[in-house]
Each structure stands twice: as C-alpha cells, then as structure tokens.
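Read off the chains here:
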Amino acid sequence: MTATEHSQNLINVAAQAAADKLAHDIIAFDVSDVLSITDAFLIASAANDRQVKSIAEEIEDQLREQLDIKPVRREGEREGRWILLDYLDIVVHVQHSEERSFYSLDRLWKDCPELPIPADALGTRNRPESVLTDLAGNATGEADEVTEDAS
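Report on the accompanying structure. (Residues numbered from 1 in each chain as written. Predicted model: local features only at pLDDT ≥ 70, side-chain atom pairs only at ≥ 80, totals over all residues. Heavy atoms only, no water.)

## Considerations on the side chain of His24
Step number 1: Following the sequence through the fold, His24 ends up in strand β1 (residues 24-30).
Step number 2: What makes His24 buried here is its relative accessible area of 4%.
Step number 3: Of note is the side chain of His24, whose polar atom sits 3.1 Å from the side chain of Ser97. (Helix = DSSP H or I, 4+ residues; strand = E, 2+ residues; numbered from the N terminus. Buried < 20%, exposed > 50% of the residue type's maximum accessible area, 1.4 Å probe, protein only. Polar contact = N/O pair within 3.5 Å; in protein donor to acceptor, adjacent residues only side chain to side chain.)

See the structure below:
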C-alpha cells in the first residue's frame, strides 16, 4: 500500500508552509506499509523553540486555509521542543534541532520510501541552522551577519 493522493496533497502543503517559515531538513516518509494509523510522516526542524512553534502554526494555518482541514490532535506546544500535529492521514513532527538529533526519527523511518516534497522544502536540507528569525518566524539574517555588524 502507498500513501494516498490526499496524503500527498497534505504533505505538499505542510512541507511548503514549513519551508516558508525557514524550517530545515524537511523530509516526508511514506509509512503506510508499516503503520495502519497514518499514511505519511513529515519531519521538519528549527534552531529554537520560538521557531518550532511558528512553523507548526504556519503548517496548521495553511492546511486549514488551503485544504479546510484541522488536526485531530496537537501535542507539545507548551514546551515548543517537539510539536506533533496529527491529521490522521499524515502526522507532522516539528522538532527543535537537538530533539531531532537525539530521537533520530529520520533513521528510524529510513527504510520507508521518501515522498516527494516541493522544491522549496527540498532545498531546506542545506539550510544552515544559524538563520535568525523574528517573533513571527521570518528570516532576519544570519547569525554571522549580526556578529559582523556589532564589530
């Protein structure tokens, strides 16, 4: 069994929303052959708690606006280190970089096929974690730029 077209549409919208809020290392796995509870996982990372929250909110907003769908469950918002959004057909994991490294979901699901994601999201695999963001999660520059400006 493979992920449905509906699941792929959800993944595309969620991945683009994450990329728009400067998530890094966005990846989607088709887990439909090994799990009966969902078709796909989307995993994205951020360098700080504030950005984790911002990315999760943007994913939620875009899925609601574009596809009129809300998560059936949302966990981890208070801590902001790992937010899980459960849409039944897909599960979105937005993790702080440290949690992503520690729990290594990528390695756990590496035997599952990767799902295609938009080019913007695919390009985040090389995005540095040092991108600075404002309170809304928008890029404001690189950490090195701030250091150079302060000199």
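Resuming the write-up.
## Points about the pattern of salt bridges
Step number 1: Applying the stated criterion across every chain yields a total of 10 salt bridges.
Step number 2: With a shortest N-O distance of 1.9 Å, Glu60 and Arg74 are connected by a salt bridge. Of the two residues, Glu60 sits in helix α2 (residues 49-67) while Arg74 sits in strand β3 (residues 73-75), which places them 14 residues apart along the sequence.
Step number 3: Between Arg74 and Glu77 there is a salt bridge whose closest N-O contact spans 3.4 Å.
Step number 4: Taking relative accessible area as the criterion, Arg74 reaches 26% and is therefore assigned partly exposed.
Step number 5: Among the ionic contacts, a cluster of salt bridges with common partners joins Asp49, Arg81, Glu98 and Glu99. (Salt bridge = Lys/Arg side-chain N within 4 Å of Asp/Glu carboxyl O.)

## Quick look at α2
Step number 1: Over its 19 residues, α2 extends 27 Å from the first C-alpha to the last, a length consistent with the 27 Å expected when each residue adds 1.5 Å.
Step number 2: Listed in full, the buried residues belonging to α2 are Gln51, Val52, Ser54, Ile55, Ala56, Glu58, Ile59, Glu60, Gln62 and Leu63.
Step number 3: Phi for Asp68, located one or two positions after α2, is positive at around 55°. (Expected span 1.5 Å × (residues − 1).)

## With respect to the sheet that holds β3
Step number 1: Taken in spatial order, the five strands make up an open sheet running β1-β2-β5-β4-β3, and their pairing is mixed. At either margin of the open sheet sits one strand with a lone partner, and together these are β1 and β3. For this sheet, the mean angle separating the axes of adjacent strands, direction not counted, is 10°.
Step number 2: Bridge count for β1 against strand β2 (residues 40-46) is five bridges, and the pairing is antiparallel. By the bridge assignment, His24 is partnered in β2 with Ser45.
Step number 3: Helix α1 (residues 5-20) rests against β1, β2 and β5 (90-96) of the sheet, and its axis sits at about 5° to β2.
Step number 4: On the sheet, α2 packs against β2, β3, β4 (82-86) and β5 and is oriented at approximately 160° with respect to β5. (Pairing = 2+ DSSP bridges. Axes fitted to C-alpha atoms, helices over the stretch in contact; angles between N-to-C directions. Contact = heavy atoms within 4.5 Å.)

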